[in-house]
Amino acid sequence: MLITHGELHDILYETATRAGVRVRFNAEVTSIDPEGCEVELATGETLTGDVIVGADGEHGLSRTAVLGREVRGRPTGLAMYDTIVPGKHLPPHLDGLRDSNGVFVAFGAGRAIVAYPVHKQEDFAFQFYAPDDNSEGRYGDTPSVPVPSIAPTLDPRLRDIVENARKAVRVSVRAHDDIEDWVEENGRMVLIGEAAHPFPPGCIQATAMAVEDGAVLAKLFSHLSEERQISSFLFAFPDLRQSRAQTVRAGEFANAFFMPLEGPGAAQRDAAMRAKGEAGLNVLEGEEGEENALWDEVTTIFGYDCEDAADDWWMQWGILRERALERQEHGDDGDEGAHGHVPPLLDFSAMTVQASERGRLHQNDKRSQRVH
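Attention here is on the structure that accompanies the text. (Residues numbered from 1 in each chain as written. Predicted model: local features only at pLDDT ≥ 70, side-chain atom pairs only at ≥ 80, totals over all residues. Heavy atoms only, no water.)

1. Details of helix α6 (residues 206–221)
Part 1 of the argument: Between its first and last C-alpha, α6 extends 23 Å over 16 residues, near the 22 Å set by a 1.5 Å rise per residue.
Part 2 of the argument: Buried residues along α6 sit in contact with β4 (52–54), β10 (189–191), α7 (229–258) and α10 (306–330). (Helix = DSSP H or I, 4+ residues; strand = E, 2+ residues; numbered from the N terminus. Expected span 1.5 Å × (residues − 1). Contact = heavy atoms within 4.5 Å.)

2. Comments concerning the sheet that holds strand β1 (residues 29–33)
Strand pairing in a sheet is mediated by backbone hydrogen bonds. Such pairs are either parallel or antiparallel.
Part 1 of the argument: The strand order across the open sheet formed by three strands is β1-β2-β3, and the pairing between neighbours is antiparallel. Strand pairing shows two members of the sheet lacking a second neighbour, β1 and β3 (46–48), which therefore form its edges. The sheet shows a mean angle of 20 degrees between the axes of neighbouring strands, direction not considered.
Part 2 of the argument: Both strand β2 (residues 38–41) and β3 contribute to a ladder of three bridges, which runs antiparallel. Within the sheet, the bridge partner assigned to E40 lies in β3 and is T46. (Pairing = 2+ DSSP bridges. Axes fitted to C-alpha atoms, helices over the stretch in contact; angles between N-to-C directions.)

3. Here's the deal with the layout of surface pockets
Part 1 of the argument: Counted as a void, the second largest pocket has a volume near 540 Å³.
Part 2 of the argument: Contributing to the lining of the second largest pocket are 25 residues, with A106, F107, G108, L154 and L158 lying nearest its centre.
Part 3 of the argument: Breaking the lining of the second largest pocket down by element, the ones donating at least two residues are β6 (104–107), β7 (112–118), β8 (123–131) and α8 (263–278).
Part 4 of the argument: Looking at the lining of the second largest pocket element by element, the count peaks at four residues for β6.
Part 5 of the argument: Of the residues contributing to the lining of the second largest pocket, the split by class is 18 nonpolar, three polar and four charged. (1 Å grid on protein atoms, 1.4 Å probe; cavity = no way out; pocket = protein on both sides within 12 Å on 5 of 7 lines; lining within 4 Å. Points joined across faces, edges and corners; volume = space filled by probe spheres on them. Nonpolar A, V, L, I, M, F, W, Y, C, P; charged D, E, K, R; others polar.)

4. Description of the pairing of β1
Part 1 of the argument: The pairing of β1 with β2 spans four bridges and is antiparallel. The residue of β2 that forms the bridge with I32 is V39.
Part 2 of the argument: Counting the residues that bridge the hairpin from β1 to β2 gives four residues, and of these C37 lies at a positive phi of roughly 55 degrees.

5. Focus: the packing of α6 against α7
Part 1 of the argument: Two elements in contact, α6 and α7, have axes whose closest approach is 10 Å; the angle formed by their N-to-C orientations is 160 degrees. Classified by the angle between their axes, α6 and α7 sit roughly antiparallel to one another. Between α6 and α7 the crossing geometry is right-handed. Counted together, A206, M209, E212, D213, V216, L217, L220 and F221 of α6 and I230, F233, L234, F237, L240, R241, R244, V248 and E252 of α7 form the full contact between these two elements.
Part 2 of the argument: Grouping the amino acids of the contact of α6 with α7 by side-chain chemistry returns 12 nonpolar, no polar and five charged. (Parallel < 35°, antiparallel > 145°, perpendicular 65-115°, else oblique. Left-handed = near helix turned anticlockwise from the far one by under 90°.)

6. Side note on a negative patch on the surface
Part 1 of the argument: Taken together, D305, E307, D308 and D312 make up a surface patch of like negative charges.
Part 2 of the argument: Since its relative accessible area comes to 42%, D312 is described here as partly exposed. (Patch = residues over 30% accessible without salt bridge, like charges linked within 9 Å, V, L, I, M, F, W, Y side chains within 5 Å. Areas by Shrake-Rupley, 256 points an atom, 1.4 Å probe, with all protein chains shown as cover. Salt bridge = Lys/Arg side-chain N within 4 Å of Asp/Glu carboxyl O. Lys, Arg positive; Asp, Glu negative; His and termini not counted. Charge placed at Lys NZ, Arg CZ, Asp CG, Glu CD. Buried < 20%, exposed > 50% of the residue type's maximum accessible area, 1.4 Å probe, protein only.)

What follows is the structure, given as structure tokens:
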């Protein structure tokens, strides 16, 4: 399924409002107080809640609020130029994109193109990857880059596309280190989507990972019955999501830099693709012996159900914790220990040590709130 961000926004908005969610527009957040669980708007109004979900992307305020410092990422020397081409200018050899709702890719020396139909096949989104000498471009900027300036030398069959494309938005591709802390230390603010794990612009899986984040968070909070559970659910969230997001993001970065290879790397890539094409093979398949790795990548991405993962956490850890707390709060009908003390249902200190050995918990006081 290929849709624009605007179309996805409409789907999510309609679903949320049907469920009773109140959505406020033109509510620009100018500051965040995670400890007080407050945000201040540009109008001066202050909003308070039980949880702050930071979903404002790699350039938003939320990353700084959670990490305590600004994290901008590093320029990579590559940019993605995003534009729309009216469908009437699609060359004849790409007409199949309309019928198959497919994706077109073109690899070149230092440049690449990814294109796909949008707006019910009436238009085509084109994303040009090219060298970047300015590291500040981002989504939301005014389209200002003439597409012919991005690809001065181009296959003649694509020239009509370039000449009729709207001006492009230039989005810098920046490299970000994985961040460990997605939850603010007080346990009432969490990062999701691009705020937690920025992907290279234009990649296929970035939006999918953000949607998965939202689904997992919703699934966890569907079990909420008391306020004390909030921190546990928020600290469980990154444990469920970090490994998957980091794995998929690494693959997307590799793809982004494979397409516009230069020099010997590009020559080797092109020769291998030509040989496969002449042999009647899929040019994007792995080399001999790499088929299993390619299949592993496919199953990693598509053979995963994020809501199942959240349900597994609840069944394996969440319910046990709730039962243990209930026993501690209300007393056990069984034998009492010395001095009338009721032994807890589970020894969570032992569980913490075992989980830590598997790398699932952090050894500090603030993260001891995290329970599996």
